[in-house]
Amino acid sequence: MTDWLQPPRAFSVRSEASAEWPKWKEHFEFFLQATEKNSRDEKTKVAILLTALGSDAIDIYKTFAWQADEDKNNLDKVLEKFTAHFVPKRNETYQRFIFLRRRQKEGETFDAFFTDVLR
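In this section: the nonpolar core. Ranked by internal contacts, the top residues of the largest apolar core, which has 22 residues, are Trp21, Trp24, Phe28, Leu49, Leu53 and Phe82. Secondary-structure elements contributing two or more residues to this core are helix H1 (17-34), helix H2 (42-53), helix H3 (55-61) and helix H4 (75-86). What leucine 53 contacts, discounting residues up to four positions off in sequence, is Ala10, Phe11, Trp21, Trp24 and Phe82.

Running from amino to carboxyl end, H1 crosses H4 at an angle of 160°, the nearest separation of the two axes being 9 Å. As judged from the angle between their axes, H1 and H4 are roughly antiparallel. In the crossing of H1 with H4, the sense of the turn from one axis to the other is right-handed. Across from Ala17, Ser18, Trp21, Lys25, Phe28, Glu29 and Leu32 in H1, the residues of H4 making contact are Leu75, Leu79, Phe82, Thr83 and Phe86. Looking at the contact of H1 with H4, its residues break down into eight nonpolar, two polar and two charged.

Rules of the game
- Residues numbered from 1 in each chain as written.
- Predicted model: local features only at pLDDT ≥ 70, side-chain atom pairs only at ≥ 80, totals over all residues.
- Heavy atoms only, no water.
- Core = buried A, V, L, I, M, F, W, Y, C linked by side-chain atoms within 4.5 Å.
- Buried < 20%, exposed > 50% of the residue type's maximum accessible area, 1.4 Å probe, protein only.
- Helix = DSSP H or I, 4+ residues; strand = E, 2+ residues; numbered from the N terminus.
- Contact = heavy atoms within 4.5 Å.
- Axes fitted to C-alpha atoms, helices over the stretch in contact; angles between N-to-C directions.
- Parallel < 35°, antiparallel > 145°, perpendicular 65-115°, else oblique.
- Left-handed = near helix turned anticlockwise from the far one by under 90°.
- Nonpolar A, V, L, I, M, F, W, Y, C, P; charged D, E, K, R; others polar.

Next up, the structure:
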């Protein structure tokens with residue numbers, strides 16, 4: 001029935017991962033919904049996630065510290081760990097400096113300027 005749907009490609013764990021992780025995660029969540037795999041038990045959903053992520057991400061998963069043993073089989077908790085790993089916290093002071101320093105360039109549309117400021 002939904003066997004023709006493919007999970008997202010294996011996730012590439014490299015320096016640009018922080019920008020790609022939210023998109024990959026969203027694609028994976030759509031995949032679970034579309035294939036009706038989101039109704040499976042948590043352990044199975046984590047196994048599907050790890051299979052879709054690929055072997056490099058499995059190695060990262062093995063390094064995570066868990067508060068409770070059952071957390072490693074909870075999809076939401078596993079996704080939180082990967083998000084914390086791939087999307088590090090931003091330095092607020094530095095981000096404020098960049099924001100306040102940004103000026104609209106000559107010829108730059110307001111929409112382009114505003115979009116860039118919001119990043």
